Amino acid sequence: MSYDNDTSGGGTARHPVRTLVTDIVRPVRDNLDPTSRRLLLARQIVVLAGAAMTLAQVIVWLMIAILGGGLREPWWLWTAVPAAIATGVLTGVERFRTDRGE
């Protein structure tokens, strides 16, 4: 794990989740090669579509629970998990391409 330098002599851990989220949602630069650009655009589409669909499903799931259906089977996971896996795969492929190219 890497640490930021600070004047107190100790280190503060970087925020890997914040870095990952920023990496996923930041705008795709125009100066990238076409393959990297397509991978990053595909990743952003998967993240945004997966998050939007999962949010809508969680809201419906909670409304059903409030109206008396109970919090049984979290069926919204059928959207959230594949979207997370696809995002991870696309992120891994892009990082592999970037690391291999350097």
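Residues numbered from 1 in each chain as written. Predicted model: local features only at pLDDT ≥ 70, side-chain atom pairs only at ≥ 80, totals over all residues. Heavy atoms only, no water.

A. Structural context of a nonpolar patch on the surface. A cluster of nonpolar side chains, contributed by Leu77, Val81, Ile85, Val89 and Val93, occupies part of the molecular surface with about 390 Å² of accessible area. Judged by relative accessible area, Leu77 falls into the partly exposed class, the value being 35%. (Patch = residues over 30% accessible without salt bridge, like charges linked within 9 Å, V, L, I, M, F, W, Y side chains within 5 Å. Areas by Shrake-Rupley, 256 points an atom, 1.4 Å probe, with all protein chains shown as cover. Salt bridge = Lys/Arg side-chain N within 4 Å of Asp/Glu carboxyl O. Buried < 20%, exposed > 50% of the residue type's maximum accessible area, 1.4 Å probe, protein only.)

B. Focus on the confidence of the model for the protein chain. Summing up the model confidence of the protein chain, the mean pLDDT is 81 and the portion of residues at 70 or higher is 86%. The element-level mean pLDDT for the protein chain is lowest in strand S1 (residues 3–5), coming to 39, with helix H2 (residues 34–69) highest at 91. Counting interchain partners and residues more than four positions distant, the pLDDT-below-50 stretch residues 1–12 has twelve contacts. (pLDDT = per-residue confidence, 0-100. Helix = DSSP H or I, 4+ residues; strand = E, 2+ residues; numbered from the N terminus. Contact = heavy atoms within 4.5 Å.)

C. View of the packing of aromatic side chains. Here the structure, examined in full by the defined rule, presents one aromatic pair. Ring centres of Trp61 and Trp76 lie 5.7 Å apart, and the angle between their planes is 65°; on these two criteria the pair is classed as edge-to-face. Within this pair, whereas Trp61 is found in helix H2, its partner Trp76 is found in the loop between H2 and helix H3 (77–101), the two being separated by 15 residues in sequence. Here Trp76 falls in the buried class, since its relative accessible area comes to 19%. (Phe/Tyr/Trp six-rings, centres within 6.5 Å; stacked < 30°, edge-to-face > 60°.)

D. Structural view of the environment of Gly88. For Gly88, the location among the structural elements is in helix H3. For Gly88, a relative accessible area of 42% puts it in the partly exposed group. Gly88 sits 45 residues away from Arg43 along the chain, and the two C-alpha atoms are 8.7 Å apart.

E. Layout of the pattern of salt bridges. Here the structure, examined in full by the defined rule, presents one salt bridge. For Arg97, the salt bridge goes to Asp33, with nearest N and O atoms at 2.9 Å. In this pair, Arg97 sits in helix H3 while Asp33 sits in the loop between helix H1 (16–25) and H2, placing the two residues 64 residues apart along the sequence.

F. Just the side chain of Glu94, in detail. Relative to the helices and strands, Glu94 resides in helix H3. There is no salt bridge for the buried Glu94, and the closest opposite charge comes from Arg97, which lies 4.2 Å off by N-O distance. Contact partners of Glu94, with chain neighbours within four places excluded, come to Ser36, Leu39 and Leu40. (Lys, Arg positive; Asp, Glu negative; His and termini not counted.)

G. Layout of the packing of H2 against H3. One can describe the packing of H2 onto H3 by two numbers: an axis separation of 9 Å at closest approach and a directional angle of 160°. Classified by the angle between their axes, H2 and H3 sit roughly antiparallel to one another. Between H2 and H3 lies a crossing of left-handed hand. When H2 is examined against H3, the residues Thr35, Ser36, Leu39, Leu40, Ala42, Arg43, Val46, Val47, Gly50, Met53, Thr54 and Gln57 are found in contact with a partner set consisting of Thr79, Ala80, Ala83, Ala86, Thr87, Leu90, Thr91, Val93, Glu94 and Arg97. Looking at the contact of H2 with H3, its residues break down into eleven nonpolar, eight polar and three charged. (Axes fitted to C-alpha atoms, helices over the stretch in contact; angles between N-to-C directions. Parallel < 35°, antiparallel > 145°, perpendicular 65-115°, else oblique. Left-handed = near helix turned anticlockwise from the far one by under 90°. Nonpolar A, V, L, I, M, F, W, Y, C, P; charged D, E, K, R; others polar.)

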